[in-house]
Amino acid sequence: MGEAPEIQLQILDENTVELEPQTIGSINQSTITTRPRNYKWWLLMAIYTFFLLAGQSVATLLGRLYYDKGGNSNWLATFVQIAGFPILTPLYYLPSYNSSSQDTKNSNMKINPPSVLVLSGMYVGLGVLLAASCRLYSAGLSDLPVSTYSLICASQLAFNAFFSFFLNSQKFTPFIINSLVLLTISATLLVFQNDSSGSTPVPKGKYVMGFLCTVAASAGYGLMLSLTQFCFQKVLRKQTFKVVLDMIIYPSLVATLIIFVGLFASGEWKGLGKEMEGFKLGKSSYVNVLVWIAICWQVFSIGAVGLIMEASSLFSNVISTLGLPIIPVFAMVFFHDPMTGIKVISMVLAIWGFVSYVYQHYLDDRNSGLGKV
């Protein structure tokens, strides 16, 4: 058995201890992964899960509605995915969210915060990746039936697992590997058919382009989730709701500026007035659809980042994948997307892959004893 790492401390006063930088990472890593899973933790996880699933499902369906009823600006569709972050700022003033059990445990330890330069680089990097992923997602959603689009998004789990292996030391077990294989096959099946007959017809070339854009967006989103977890563990080293808001608002601000420039540089802004006039549901519905898309994606962001902080990026992505079979059902009802045999098989494989991952999570909890109150 190897020697325990030496912990170097600097005494600041009789109640405060400062950790040297080389010891912070290992201490924080163990603290984050062993947070007690009592009823409060499970309740918080349930709230974050509801936010993620509800926000993702409603926002995706409204995004498809925007395109089906006359919207055609991919830059505007991308902009509303990100630009709703100001509605989250009042949450900074909720005192009950400014502390956590994590901070209580570490109240006697002073951990040096990252520099402004490090934080700026982190937020800018995540913001650029967020802007690119959202732009590709918008291109995919504009060219694909919403049911097909949502199932292809399941591939983000495989990308996230790949990046988590290198960035977050994610361990792969037979159940996790089985989950990733099934979800990858589930998404790949959909490239072999063009089932756009239920909504606006899509040419074969646009269908393939939409598929490629959605897969590329899924890869970027998977990388962003892994980087977000890495930043929580290695840079921020905190578990508070304020940190969750910071990780949403600051990258969103950067991404909004990028997309705003793209909207004007592309010239699409010139046609927005005409687009509103020609929207099949009317001007007020046009505005309402865009506003609610923005709100729903922010609700989704709270859930996704909260799950990353409380569990892991892969867990957050698995919950997101769980919601994907929900969307084709609503798409069949509201957009009359056909539920073909290949799509049903794809849904079954996606659910099977999710159950495989959840079972591995159950085994981890049982073996570690973390599930006890």
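Everything below is about the structure shown above.
Quantities reported herein were computed from a predicted structural model and do not represent experimental measurements.

Calculation criteria
- Residues numbered from 1 in each chain as written.
- Predicted model: local features only at pLDDT ≥ 70, side-chain atom pairs only at ≥ 80, totals over all residues.
- Heavy atoms only, no water.
- Helix = DSSP H or I, 4+ residues; strand = E, 2+ residues; numbered from the N terminus.
- Buried < 20%, exposed > 50% of the residue type's maximum accessible area, 1.4 Å probe, protein only.
- Contact = heavy atoms within 4.5 Å.
- Areas by Shrake-Rupley, 256 points an atom, 1.4 Å probe, with all protein chains shown as cover.
- Arc of directions from axis to C-beta.
- Patch = residues over 30% accessible without salt bridge, like charges linked within 9 Å, V, L, I, M, F, W, Y side chains within 5 Å.
- Salt bridge = Lys/Arg side-chain N within 4 Å of Asp/Glu carboxyl O.
- Polar contact = N/O pair within 3.5 Å; in protein donor to acceptor, adjacent residues only side chain to side chain.
- Core = buried A, V, L, I, M, F, W, Y, C linked by side-chain atoms within 4.5 Å.
- Axes fitted to C-alpha atoms, helices over the stretch in contact; angles between N-to-C directions.
- Parallel < 35°, antiparallel > 145°, perpendicular 65-115°, else oblique.
- Left-handed = near helix turned anticlockwise from the far one by under 90°.
- Nonpolar A, V, L, I, M, F, W, Y, C, P; charged D, E, K, R; others polar.

A word on the overall build of the chain
Along the backbone of the chain there are 15 helices and three strands. Buried positions account for 50% of the 373 residues belonging to the chain. Residue pairs in contact within the chain that sit at least 24 positions apart in sequence constitute 84% of those at least 6 positions apart. For the chain, the computed accessible surface area is about 17600 Å², with 69% contributed by carbon and sulfur atoms.

Some remarks on helix α14 (residues 326-334)
Residues of α14 that are buried: I327, P328 and A331. Projection of α14 onto a plane perpendicular to its axis shows the buried side chains occupying an angular sector of 95 degrees, all on one side. Two residues or fewer past α14, H336 is found with a positive phi of approximately 60 degrees.

Topic: a nonpolar patch on the surface
Residues F162, F165, F166, F172, I177, V181 and I185 make up a contiguous nonpolar surface patch of about 670 Å² in total accessible area. When contributions to the nonpolar patch are tallied by element, the ones reaching two or more residues are α7 (155-167) and α8 (174-188). Mapped onto the fold, I177 is located in helix α8. The partly exposed category is assigned to I177, whose relative accessible area is 44%.

What to know about the side chain of N168
Checked against the element boundaries, N168 lands in the loop between α7 and α8. Residue N168 is classed as buried on the basis of its relative accessible area of 8%. A polar side-chain atom of N168 sits 3.2 Å from the main-chain carbonyl oxygen of S226. When residues no more than four places from it in sequence are discounted, the contact partners of N168 are F163, S226, Q229, F230 and S313.

So, the nonpolar core
Nonpolar side chains in soluble globular proteins tend to end up buried together. Within the largest apolar cluster, 85 residues are counted, with the highest numbers of intra-cluster contacts made by Y66, M122, F232 and M247. The greatest single-element share of this core, amounting to 14 residues, is contributed by helix α12 (residues 283-310).

A closer look at the packing of helix α5 (residues 116-143) against helix α10 (residues 241-266)
In contact at an axis separation of 7 Å, α5 and α10 are set at 60 degrees when each is read in the N-to-C sense. As far as their axial angle goes, α10 and α5 are oblique. Crossing handedness for the pair α5 and α10: right-handed. Judged by residue contacts, M122, Y123, V124, L126, G127, V128, L130 and A131 of α5 engage D246, M247, Y250, P251, S252, V254, A255, I258 and I259 from α10. Of the residues that constitute the contact of α5 with α10, the class distribution is 14 nonpolar, two polar and one charged.

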